[in-house]
Amino acid sequence: MLIVMNHNAGEREIAAVVEVVAQMGFQAVPIPGSERTAIGVLGNRGYVDDGKIRDLPGVQEVIHVSKPYKLVSRDFHPAGTLVKVGGVTIGEGQRPVVAAGPCAVEGEDQIMKTALAVKAAGADLLRGGAFKPRTGPHTFQGLKKDGLRLLAMAGKAAGLPIVTEVMSPDNVGLVAEYADLLQVGARNMQNFDLLRELGRIDKPVLLKRGMSATIEEFLAAAEYILAEGNSQVILCERGIRTFETATRNTLDLAVVQLCKELSHLPIMIDPSHATGKRSLVPPMSKAALVAGAHGILVEVHPEPEKALSDGPQSLTCEGFAKLMEEIGKLNSFLGY
Ligand code: PEP
Ligand code: MN
């Protein structure tokens, strides 16, 4: 429920509404705006009778929010959230960021080479999986703790903050020791115990959209993290399952603007998993930025033909450098 106050409602009227909401057993969160203050009501499990609130002095309107998310919504937080990852700020009004690196950390040489190459090309963050959610159990599952250590070492050497996936609630503490940004993969978007655990840490989270998740489910998943107290969340569209098999997934670019309208959280695009094809990654990276994404997440491998996972969609270091040149031009056109 959202209580919209008159534009001339003062502190006293607002405090009185907060008081009544508290007496009803809920939490009231005042949301000051440029025109008027709104008061968000949290803690209700269903419809709340607004009879005690509607007629209080200064109340203009009571809106019943039927969405399964509140804290994530623009209604509750009109200003765009800026998420800090290491020294990099992601979100509204900021130059879009580029996170780049291999699908998986495979060894010291591979991750070091990639880290230095993507840094030289202008990347802002280094990505690399240490815990890999693979479709089958007989494929490479990641170097786990060793992978985290190598990724952190490479990030440090290149001067880049690192982003890496965490798959289980039990590993949140371990991954948070190394990572600057913790990624929830598409397959874990509705791993609610994991989301809750991530809501209790003081590190930013990159939440990928599940491959068959609606936008409402996506935002409701983000709500789990915010509900535990962590509002440093970045959304990431990575393609969804459709009837089409010519691409690995179907990139749903409209969600960039849609998520910006519905939510205050930054939104990034992963053109690599969205397409599954190297040749499609540069055009879709640029399309994402034109659509207004706050950043992109791109897979890069020094020898994609030898990659232990996702080689066909990985850019070479040279291909990535070329893309970054084009992004530089695009950014100046976009005013960054
Ligand atoms: C990844 O980023 O390597 C990954 C596994 O992505 P997704 O969860 O989007 O498939
Ligand atoms: Mn991958």
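Residues numbered from 1 in each chain as written. Chains lettered and ligands numbered in written order. Predicted model: local features only at pLDDT ≥ 70, side-chain atom pairs only at ≥ 80, totals over all residues. Heavy atoms only, no water.

What am I meant to see in the overall build of the protein chain here?
When its secondary structure is counted, the protein chain shows eleven helices and 14 strands. For the protein chain, the C-alpha radius of gyration of 21 Å lies close to 20 Å, the compact-globule estimate for 336 residues. Each principal axis of the C-alpha atoms in the protein chain carries an extent, and together these give about 70 × 45 × 40 Å. Residues classed as buried in the protein chain amount to 52% of the 336 residues present. Looking at the protein chain alone, contacts between residues at least 24 apart form 68% of all its contacts between residues at least 6 apart. Accessible surface, the protein chain as shown: approximately 14700 Å² in total, 52% of it carbon and sulfur. For the protein chain, the distance from the average site of its 35 positive side-chain charges to the average site of its 38 negative ones is 4 Å. (Helix = DSSP H or I, 4+ residues; strand = E, 2+ residues; numbered from the N terminus. Rg over C-alpha atoms; globule rule 2.2 N^0.38 Å. Buried < 20%, exposed > 50% of the residue type's maximum accessible area, 1.4 Å probe, protein only. Contact = heavy atoms within 4.5 Å. Areas by Shrake-Rupley, 256 points an atom, 1.4 Å probe, with all protein chains shown as cover. Lys, Arg positive; Asp, Glu negative; His and termini not counted. Charge placed at Lys NZ, Arg CZ, Asp CG, Glu CD.)

Honestly, the site of ligand 1 in this entry has me stumped. Any pointers?
In the neighbourhood of ligand 1, 13 residues make up the surrounding shell, with Arg127, Lys132, Ala186, Lys208 and Arg238 lying closest. Glutamine 183 places a polar side-chain atom, nitrogen or oxygen, 2.9 Å from an oxygen atom of ligand 1. Alanine 186 is positioned with one of its backbone polar atoms (N or O) 2.7 Å from an oxygen atom of ligand 1. Of the residues belonging to the shell around ligand 1, the class tally is three nonpolar, three polar and seven charged. (Near = heavy atom within 4 Å. Polar contact = N/O pair within 3.5 Å; in protein donor to acceptor, adjacent residues only side chain to side chain. Nonpolar A, V, L, I, M, F, W, Y, C, P; charged D, E, K, R; others polar.)

I keep staring at helix α10 (residues 281-291) and nothing clicks. Help me out?
Note that an α-helix has 3.6 residues per turn; residues three or four places apart therefore point the same way. Taken residue by residue, α10 has Val281, Pro282, Ser285, Ala288 and Leu289 as its buried positions. Seen along its axis, α10 keeps its buried residues to an arc of 125 degrees; they face one direction. Residues of α10 that are buried in the fold lie against β13 (267-269), α9 (271-275), β14 (295-299) and α11 (317-334). Glycine 292 sits one or two residues past α10 and shows a positive phi near 105 degrees. (Arc of directions from axis to C-beta.)

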